[in-house]
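# Per-entry structural report
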Amino acid sequence: MKIPKRLQPLLDEGMIDEVVTQLMSGKEAQVYVVRCGDELRCAKVFKEAKQRSFKQAVEYQEGRKVRNSRRARAMSKKTRYGQREQEDAWLNAEVDALYRLASAGVRVPKPYSFVDGVLLMEMIADEEGYAAPRLDNVTLTEDQARDYHGQVIADVVRMLCAGLVHGDLSEFNVLVDRHGPVIIDLPQAVDAAGNNNAARMLERDVDNMRAYFGRFAPELLDTEYGKEIWALYESGELHPDVKLTGRFEHDTSSVNVDELMAVIDDALEEEADRRERTRDDQEDE
Ligand SMILES: Nc1ncnc2c1ncn2[C@@H]1O[C@H](COP(=O)(O)OP(=O)(O)OP(=O)(O)O)[C@@H](O)[C@H]1O
Ligand SMILES: [Mg+2]
């Protein structure tokens, strides 16, 4: 095929030997199958910032750490340098996330390199060696759905233990190979500890998976893994081998009215004291 301009430098430098074909073009990037020696890999070419859409929204950015403070200051300004730094930070986020998650044992494509806005990674393949289908394109038996759901939930837990929430997890960002689900597409991954939207996003990610697998295994629709996982995370009890139940105790304990009234009375009394003291002070002057 005709060589895409953005891939030419990688060919020139011998990082890839051939561009084989283009996979479906997503909203944020174009993905190509490339040959490196005798291996097929995927090259994800990110679109220019202005062609990209929702994922750069502020809700995802909060809490991202920029190690270099000069850089952090530049990013907060609207200068061209600042914008380029912001762009680089965004693109690096997916590469960082892939390395972090791969070493935390989450099933993600193995990253190889990131050069000139192009991410080279392992191609997830089907039995015939073609790029693997996305979850939304596979029909599952009830048992498979239960099994895959369990695998994705375990990966979500490992991910959170590594400090990250996917933030855009759905049947469109999970591939399926012969071992099961593989999570992809991570440039928007959010920092679990530093982002106030993390709890909501984790729950949304997990609920999306529940809705999808629940089509094949309806009993999953009654589970509440998202809330359960976040509660364990917040109380410091989440670890990769945690046993989950899918149940969540909603806090229904009623307020103790007597105790509450006592607290209010104390506050009123204190306030009255304070006023009296102020009046005394003024009279003394
Ligand atoms: N490592 C991989 N192995 C096989 N196929 C891949 C791989 N990475 C991406 N793909 C294919 O390319 C498509 C687009 O990839 P990805 O979701 O990362 O890009 P995107 O542009 O951010 O997508 P979107 O914004 O539409 O969700 C995927 O749906 C998948 O079919
Ligand atoms: Mg995608």
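Anything mentioned here points back to the structure above.
Read on for an overview of the structure. (Residues numbered from 1 in each chain as written. Chains lettered and ligands numbered in written order. Predicted model: local features only at pLDDT ≥ 70, side-chain atom pairs only at ≥ 80, totals over all residues. Heavy atoms only, no water.)

### Notes on the overall build of the protein
Filter applied, for reference: The helix count covers DSSP runs of H or I at least four residues long, the strand count covers runs of E at least two residues long, and both are numbered beginning at the N terminus. Contacts between residues were defined by any pair of non-hydrogen atoms, one from each residue, lying within 4.5 Å. Computed by Shrake-Rupley with a 1.4 Å probe, the accessible areas treat only the displayed protein chains as cover when residues are assessed.
Summing up its helical and strand segments, the protein has eight helices and nine strands in all. The long-range share in the protein, meaning contacts at least 24 apart out of those at least 6 apart in sequence, stands at 61%. Accessible area of the protein: about 16600 Å², with a carbon and sulfur share of 48%.

### Side note on the coordination of the magnesium ion (ligand 2)
Let me state the cut-off plainly: For Na, K and Ca the donor cut-off is 3.2 Å, and for all other metals it is 2.8 Å, counting N, O and S atoms only; because water is absent from this set, sites may look incomplete. Between buried and exposed lies partly exposed: a residue is buried under 20% and exposed over 50% of the maximum accessible area for its type, with that area taken using a 1.4 Å probe on protein chains only.
Protein-derived ligands of the magnesium ion (ligand 2) are Asn173 (OD1) and Asp185 (OD), with the metal-ligand distances lying across 2.2 Å. Within this pair, whereas Asn173 is found in the loop between strand E6 (164–165) and strand E7 (174–177), its partner Asp185 is found in the loop between strand E8 (180–183) and strand E9 (190–191), the two being separated by twelve residues in sequence. For the pair formed by Asn173 and Asp185, the shared burial category is buried.

### Quick notes on the sheet that holds strand E4 (residues 111–115)
Quick reminder of the rule: Here, a strand pair is defined by DSSP locating no fewer than two bridges between the strands. Each axis is a line fitted through C-alpha atoms, taken for helices only over the stretch in contact, and angles between the N-to-C directions span 0 to 180 degrees.
In spatial order, the strands read E1-E2-E3-E5-E4; together these five strands make up an open sheet with antiparallel pairing. Two strands bound the open sheet, and with one partner strand each, they are strand E1 (18–22) and E4. Sheet twist, expressed as the mean angle between neighbouring strand axes with direction ignored, is 25°. Examined bridge by bridge, strand E2 (residues 29–36) and strand E3 (residues 39–46) share eight bridges and lie antiparallel to one another. Bridge pairing in E3 links Tyr32 to Ala43.

### What about empty space enclosed by the protein?
As a reminder of what qualifies: With a 1 Å grid laid over protein atoms only, a set of points is called a cavity when a 1.4 Å probe fits there but cannot get out and a pocket when it is open yet has protein on both sides within 12 Å along at least five of seven lines; lining residues have an atom within 4 Å of a point. Grid points are joined across faces, edges and corners, and a volume is the space filled by probe spheres set on the points. Gly counts as polar in this scheme, as do all residues outside two lists: the nonpolar Ala, Val, Leu, Ile, Met, Phe, Trp, Tyr, Cys and Pro, and the charged Asp, Glu, Lys and Arg.
Under the counting rule described, the total for this entry stands at one cavity of 30 Å³ or more. Taken together, Val156, Met159, Leu164, Val165, His166, Leu169, Leu202 and Asp205 make up the lining of the largest cavity. Among the secondary structure elements, those contributing two or more residues to the lining of the largest cavity are helix H5 (142–161), E6 and helix H6 (198–214). Taken together, the residues that form the lining of the largest cavity break down as six nonpolar, one polar and one charged.

### Some words on the pattern of salt bridges
Put simply, the rule reads: The salt bridge definition used is simple: a Lys or Arg side-chain nitrogen within 4 Å of an Asp or Glu carboxyl oxygen.
All chains considered together, the criterion is met by 15 salt bridges. Between Arg146 and Glu219 there is a salt bridge, with the nearest N and O atoms lying 2.5 Å from each other. Of this pair, Arg146 sits in helix H5 while Glu219 sits in the loop between H6 and helix H7 (225–234), placing them 73 residues apart in sequence. With a shortest N-O distance of 3.6 Å, Glu171 and Arg215 are connected by a salt bridge. On the criterion of sequence distance, the pair formed by Glu171 in the loop between E6 and E7 and Arg215 in the loop between H6 and H7 is long-range, its members being 44 residues apart. Judged by relative accessible area, which is 12%, Glu171 ranks as buried. Each of Glu142, Asp143, Arg146 and Glu219 takes part in a single network of salt bridges with overlapping partners.

### Some remarks on the site of ligand 1
Here is the rule: It suffices for a single heavy atom of a residue to lie within 4 Å of a molecule or strand for the residue to be listed as near it. Throughout this description, a polar contact denotes any pair of N or O atoms lying within 3.5 Å of each other; where both atoms belong to protein, one of them has to be capable of donating a hydrogen while the other can accept it, and for residues adjacent in sequence the pair is counted only when both atoms sit in side chains.
Neighbouring residues of ligand 1: 19 residues in total, closest Ala29, Lys44, Glu122, Ile124 and Asp185. Within the backbone of Ile124, an N or O atom sits 2.9 Å from a nitrogen atom of ligand 1. Within the side chain of Asp185, one N or O atom sits 2.9 Å away from an oxygen atom of ligand 1. When contributions to the shell around ligand 1 are tallied by element, the ones reaching two or more residues are E2, E3 and strand E5 (118–122). Looking at the shell around ligand 1, its residues break down into ten nonpolar, two polar and seven charged.

### Examining unusual backbone geometry
Working note: non-glycine residues mostly have negative phi, and peptide bonds are mostly trans. Here Asp116, not a glycine, exhibits a phi torsion of approximately 50°, which is positive. Here Asp116 shows up in the loop between E4 and E5. Its identity is not glycine, yet Asp185 carries a phi of approximately 65°, on the positive side.

### Looking at the environment of Ala192
Within the fold, Ala192 resides in the loop between E9 and H6. Counting along the chain gives 41 residues from Ala192 to Tyr233, while the straight-line C-alpha distance between them is 9.5 Å. Ignoring anything within four residues of it in the chain, the contact list for Ala192 reads Leu160, Gly163, Leu164, Val165, Ala198, Trp230 and Tyr233.

### Points about H7
The set of residues buried in H7 consists of Tyr225, Gly226, Glu228, Ile229, Trp230 and Leu232. Of the surrounding secondary structure, the elements contacted by the buried residues of H7 are H5 and H6. Downstream of H7 by a residue or two, Gly236 has a phi angle that is positive, lying close to 75°.

### Looking at the packing of H6 against H7
Put simply, the rule reads: Note on convention: near helix rotated counterclockwise from far helix by under a right angle means a left-handed crossing. Clockwise means right-handed.
In contact at an axis separation of 8 Å, H6 and H7 are set at 145° when each is read in the N-to-C sense. Read as a crossing pair, H6 and H7 show a hand that is right-handed. Of the residues in H7, those in contact with Ala198, Ala199, Leu202, Glu203 and Val206 of H6 are Tyr225, Gly226, Lys227, Ile229 and Trp230. When the residues that make up the contact of H6 with H7 are grouped by side-chain class, the tally is seven nonpolar, one polar and two charged.

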